[in-house]
Amino acid sequence: MSRPAPLAPAALYHTCDPSQLGFASTDELEPLDELIGQARALEAIRFGVGMRRSGFNLYVMGPAGLGKHSLVAQQLDRQARHEPTPPDLCYVHNFEQPHRPEVLQLPPGEGAHLQGQMQQLIEELTNLLPASFDSEEYQEHRQALEDELKRTQEEAFSALAERAAEHDIKLFRTPSGFAFAPMREQEALSPEAFQQLPEDEQTHIGHQLSALQEELEAIIKRIPQWRKETKGKVKALNREVTMAAVGHLIGELRAQFAATPRVLDYLDTVQRDIIDNVKDFLKPEDGIEQPGQGEPDPTALHRYKVNLLVDHGQSPGAPVVYLDNPSYLNLMGRAEHLAQFGTLVTDFTLLKPGALHQASGGYLLLDAQKLLTQPFAWEGLKRALYSNEIRIESLEKMLSMASTVTLEPAPVPLDVKVVLIGDRTLYYMLHEYDPDFGELFKVAADFEERIDRTPENSRLYARLIATLARKERLLPFDVGAVARLIEEGSRLEEDSEKLTTHMRSVVDLMHEADYWARQSGHERVCREDIQQAVARAMYRASRVRERLHEEVERGTLLIDTRGAKVGQVNGLSVLAMGSYEFGQASRITATVHIGEGQLIDIEREVDLGGTLHSKGVMILSALLAARYAKNQPLSLSASLVFEQNYGYVDGDSASCAEFCCLISAIAEVPIYQHLAITGSVNQHGEVQAIGGVNAKIEGFFDLCVKAGLSGEQGVIIPYSNIKHLMLDEGVVQAVAAGQFHIYAVRSVDEALALLTGQTPGEADPDGDYPEETLNGKVHARLTEMTLIRADFVDQQKEKRKGKGKRKGKKGKG
């Protein structure tokens, strides 16, 4: 097996030829209306928007920064323009059950019109009704009714007095009421004089007084009825006067809202209530009886107001609403309260709409994670979608935590398309653990995170960059800057054949490049500005990386970049610090001794190794046994460790390095320290792709640069990772100059050949390897260990057997 040749510089970085883009500056490019590479998501969005059946709400998923919200909002805005504008929503007073306000739906713009007209009606009646009751005509009519009552009473008492006079008895008015007294010669008899009368005359006068007293009592009993009749006549007069003032005003309103029956019913109710409660418009001195003293309640006329909950008068189609803070109250609406005399009060005018009210008849966009972290918001949304209505309820009432009397507004009909925006993990968790989710959100729009890097897509990417530059008001980008952005798009995706669709990262880089271009006085952003933006962003985040490299340079962290050692190899890992990732070399060592085939992963034993790392160690253990112990037991014990590692280790990308290190320790063949290796291995010895290949290579390259490039140093990577290479310019230049090398291997044998400089060798049909090869040395050493262990076991058996015989002889003696 020949050693793999190092990769050519052209394989390390996929450049973008500016001449193939066909423009000089982004000013020349047409704007791009949609994000590129999202055909699948767009189809799902259009289907979800067009499907009007129940439960076909959308969940738009993908990592943050892909432009999901912008694209969805753009598509919904386009669709909403061609859809009918939903009705206005108003809450009005329920005159029969004041704690249950009624809801009115009116054509767009009519809600504000009704609100204004009702306000004007109250203002006019506040002036008109007092004037009507102060008019001479009303006062004359009322005075006539009162005079009639007085006349009736006077006539009754006068007739009674006349009848009494016929019997020489006079009716007197006293402070305490009425009284009768017998008369003689125009003078009332005193009690002493009455006693001097003959007894039969006293008896006769007594009978007359009793009869007259009964008539007086009958008249007095009729007085309340006469007053009641008069009061009824006054009330009828008041209703007539009020109707004269209100009737034509209400009639005008009825004519304006003739096409809305619910409004006509409401106006009829208002008219009846005004007539029945006209006193609320008058002052006490206006002559109408008031309960209590002083002015009427200033809030009494609030019941005639219209609470315009949602106004679509200026909406050019269906609404598209995005709720940034989807709390329960912001979503479902709320009833606010006012403090009056130390207590909290509310009425229908204090009802406030939620996002569902505003979006009804259109579309509502919500962030799924924010929604689920708000208490009761998710349950409230599901209940509204299931019932197709919105109920404004306080949380304490919904949770049965309070039993106080409060408002119970009539529910509002709901017709809305809800779009949740979130990541994939949340989508699958909801689908798994919430059975309602699948019933309510049947359409999933899955956004792509990358697209193929084809010439056509590169030109579309350029148009996207031009569109973003105009939208963000940036300087124009020349063709070189666009080409560099396309290259960076592949580097961000860690794939030379793909481009990232993570627009937030692209826009951030464009902003920084625009800043440096303006700092340099450029009229356009050029390639150098992009490069400076990338370099400065890396510099700002690289403090920890530089400290680690400094400790390696000072010898605190032990990493060799020259020489060769047995059982020691340079592995590569990626450290993530926030949004910044960088590669770091790690010394991996292995020790072996005779044992029973146990492979100890020290990281796992001390709980510093993750499950994936443990899996990788188990796989290499199985590979070791499959290759070298087909016909004999594996009589060794070995240990593997990441030296000077004090943190958590996970992933299987070091399993190839660990296997090579173990082989070196078994065969006692040194490994070149000027090479580092990364890659996972399977049970057949094939080297598999890993992540972060660019960062790993650049991390080891930086260490080698600080130690001094020797021309031998390099990195071994899986062959399947070649397409992922988008290396830094410094690495590419060093490779081109022959100062650094990148090797791609398909198997552990190719990796061993590079690391040891020896031929691995291939097994014959019996599983044996040529003695002079590396694998032959491994096989021979493992066979030797097996024999040594077997001899040791036999010796121990003989010793135990000999001891048993000696004990038997002593027993016989």
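This text gives an overview of the structure that appears in the document. (Residues numbered from 1 in each chain as written. Predicted model: local features only at pLDDT ≥ 70, side-chain atom pairs only at ≥ 80, totals over all residues. Heavy atoms only, no water.)

**Describing the overall build of the protein**
As a reminder, the rule being used: Strands here mean DSSP runs of E at least two residues long; helices mean DSSP runs of H or I at least four residues long; both are numbered from the N terminus. Just to be clear, the radius of gyration here is over C-alpha atoms, and the globule rule we use is 2.2 Å times residues to the power 0.38. Each residue gets one of three labels from its accessible area relative to the maximum for its type: buried under 20%, exposed over 50%, partly exposed in between, using a 1.4 Å probe on protein chains only. Working rule for contacts: check all heavy atoms of both residues, and any pair within 4.5 Å makes them a contact. For accessible areas, the Shrake-Rupley method is used with a probe of radius 1.4 Å. Any residue's cover is judged against the shown protein chains and nothing else. In this tally, Asp and Glu contribute negative charge and Lys and Arg positive charge; neither His nor the terminal groups of the chain are included. Lys charges are placed at NZ, Arg charges at CZ, Asp charges at CG and Glu charges at CD.
Across its full length, the protein carries 26 helices and 30 strands. Compactness check: the protein gives a C-alpha radius of gyration of 49 Å against a globular reference of 28 Å for 813 residues, more than 25% above the reference. Overall, the protein is about 165 × 105 × 50 Å in size when its C-alpha atoms are taken along their principal axes. With 813 residues in all, the protein has 46% of them scored as buried. A fraction of 76% describes how many contacts in the protein between residues 6 or more apart in sequence connect residues 24 or more apart. Entry remark: accessible area of the protein is about 41,300 Å², with carbon and sulfur atoms responsible for 50%. The average position of the 86 basic charges and that of the 118 acidic charges among the side chains of the protein differ by 11 Å.

**Thoughts on the pattern of salt bridges**
Formally: Criterion for a salt bridge: a side-chain nitrogen of Lys or Arg within 4 Å of a carboxyl oxygen of Asp or Glu.
Per the stated rule, a full pass over the model turns up 32 salt bridges. With its nearest N and O atoms 3.4 Å apart, the salt bridge here joins Lys 233 to Glu 148. Taken as a pair, Lys 233 in helix α6 (residues 199–256) and Glu 148 in helix α4 (residues 136–166) lie far apart in primary sequence, 85 residues in all. Lys 233 sits in the partly exposed class, given a relative accessible area of 39%. Owing to a relative accessible area of 31%, Glu 148 belongs among the partly exposed residues under this scheme. Across the pair Asp 434 and Lys 382 runs a salt bridge whose closest N-O atoms are separated by 3.0 Å.

**Here we look at the packing of helix α17 (residues 503–519) against helix α18 (residues 527–541)**
Worth spelling out the cut-off: The convention used is that axes are lines fitted to C-alpha atoms, helices contributing only their stretch in contact, and that angles between N-to-C directions extend from 0 to 180 degrees. Note on angle classes: values under 35 degrees are labelled roughly parallel, values over 145 roughly antiparallel, values of 65 to 115 roughly perpendicular, and the remainder oblique. For this scheme, ten residues count as nonpolar: Ala, Val, Leu, Ile, Met, Phe, Trp, Tyr, Cys and Pro. Four count as charged, namely Asp, Glu, Lys and Arg, and the remainder, Gly too, count as polar.
With their axes 8 Å apart at the nearest point, α17 and α18 run at an angle of 110 degrees to one another. With respect to their mutual orientation, α17 and α18 come out roughly perpendicular. Contacts from Leu 509, Glu 512, Ala 513, Trp 516 and Ala 517 of α17 reach α18 at Asp 529, Ile 530, Gln 532, Ala 533, Val 534, Arg 536, Ala 537 and Arg 540. Along the lines of polarity and charge, the residues of the contact of α17 with α18 split into eight nonpolar, one polar and four charged.

All we've got here are geometric facts, nothing functional implied.
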